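The lines below spell out each chain.
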Amino acid sequence: MPKLISLFIVFFCCLTGFGQVGDCTLGIGGKDNATLAEVFQLNDDQKAKMEIWTQELSIENKLLQDEIDLLMKTHPQKTEEELMQLAGKYKTLQDKMVVNAKSYDIKLLRLFNPKQYKLYTELCAEVMRTPLLGILPE
């Protein structure tokens, strides 16, 4: 188990950028749901909900990605002003994707028992990230 936790920390650092101060996200819907399940010792109900939420997040992000693709194809890009408008619209859509991802992380965190949540906060501290605020396991 300690080796798995160390692997998770290294993976987490690479994913989020070591040394950056920011939110400590779980990354539901990423490539490593199995690692999340193992590190936090998720029970069957938690695993099932995580899989459902992974699918929901994928659908929501696909819709946003489709909007981004359409924006890139159709938005005028000839002048500096048009490029600035495009950048603003693109950032708005990217921010929506980040908000979506965090919202699904929060759903899972709310299912954590106190031991799982304590591990989450300890791992966040180790990678110098801020745990998502306002989350208390039920």
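Cut-offs used in this document
Residues numbered from 1 in each chain as written. Predicted model: local features only at pLDDT ≥ 70, side-chain atom pairs only at ≥ 80, totals over all residues. Heavy atoms only, no water. Axes fitted to C-alpha atoms, helices over the stretch in contact; angles between N-to-C directions. Helix = DSSP H or I, 4+ residues; strand = E, 2+ residues; numbered from the N terminus. Parallel < 35°, antiparallel > 145°, perpendicular 65-115°, else oblique. Nonpolar A, V, L, I, M, F, W, Y, C, P; charged D, E, K, R; others polar. Buried < 20%, exposed > 50% of the residue type's maximum accessible area, 1.4 Å probe, protein only. Lys, Arg positive; Asp, Glu negative; His and termini not counted. Salt bridge = Lys/Arg side-chain N within 4 Å of Asp/Glu carboxyl O. Polar contact = N/O pair within 3.5 Å; in protein donor to acceptor, adjacent residues only side chain to side chain. Phe/Tyr/Trp six-rings, centres within 6.5 Å; stacked < 30°, edge-to-face > 60°. Expected span 1.5 Å × (residues − 1). Arc of directions from axis to C-beta. Core = buried A, V, L, I, M, F, W, Y, C linked by side-chain atoms within 4.5 Å. Contact = heavy atoms within 4.5 Å.

A. Structural detail: the packing of helix H3 (residues 44-74) against helix H4 (residues 80-111). As a packed pair, H3 and H4 sit with axes 10 Å apart at the nearest point and diverge in direction by 175°. When the axes of H3 and H4 are compared, the pair comes out roughly antiparallel. Looking at the contact of H3 with H4, its residues break down into 15 nonpolar, 5 polar and 7 charged.

B. Molecular detail of the side chain of Arg129. Relative to the assigned elements, Arg129 resides in the loop between helix H5 (114-126) and strand S2 (130-131). The side chain of Arg129 is buried and forms no salt bridge, while Asp23, the nearest opposite charge, is found at 7.3 Å. Engagement of the side chain of Arg129 in a polar contact is seen with the backbone oxygen of Asp23, the distance being 3.3 Å.

C. Representation of the packing of aromatic side chains within the structure. According to the stated counting rule, one finds 2 aromatic pairs in the structure shown. With 5.0 Å between their ring centres and 40° between their planes, Phe40 and Phe112 make a pair best called tilted. A residue pair is termed long-range when its members are at least 10 positions apart, and Phe40 in the loop between helix H2 (33-39) and H3 and Phe112 in the loop between H4 and H5 qualify at 72 residues. Across this residue pair, the class does not change: Phe40 and Phe112 are buried.

D. Broad picture of H5. Helix length check: H5, at 13 residues, gives a terminal C-alpha distance of 18 Å against a target of 18 Å (1.5 Å per residue), a fit within 8%. Along H5, the positions that sit buried rather than exposed are Gln116, Tyr117, Leu119, Tyr120, Leu123 and Cys124. Buried positions in H5, seen along its axis, are confined to an arc of 155° and lie on one side of it. The outward face of H5, more than 90 degrees from its buried face, is lined by the exposed residues Pro114, Lys115 and Ala125. Sitting at the head of H5, Asn113 places a side-chain oxygen 3.0 Å from the backbone nitrogen of Lys115. Backbone geometry just after H5 places Met128 at a positive phi near 55°.

E. Broad picture of unusual backbone geometry. If you check the backbone angles, Gln41 has positive phi at about 50° while not being a glycine. Here Gln41 shows up in the loop between H2 and H3. Backbone geometry at Met128 places phi at a positive 55°, although glycine is not the residue there. Relative to the assigned elements, Met128 resides in the loop between H5 and S2.

F. Seen up close, the environment of Ile52. Within the fold, Ile52 resides in helix H3. Taking the relative accessible area as the measure of exposure, Ile52 reaches 44% and is therefore partly exposed. In this structure, the C-alpha to C-alpha distance between Ile52 and Gly29, residues 23 residues apart in sequence, is 9.7 Å.

G. Inspection of the nonpolar core at higher detail. By size, the foremost hydrophobic cluster in this structure holds 21 residues, and its most contacted members are Leu26, Phe40, Leu108, Phe112 and Tyr120. Of all the secondary structure elements, the ones that give two or more residues to this core are H2, H3, H4 and H5. The element contributing the most residues to this core is H5, with 5 residues. Residues within four places of Leu108 in sequence aside, it is in contact with Leu26, Ile28, Leu42, Gln46, Met50 and Trp53. Counting residues in hydrophobic clusters, the runner-up holds 6 residues, among them Leu71, Leu86, Leu93 and Met97.

Without other data, these values stay purely geometric and don't point to any function.
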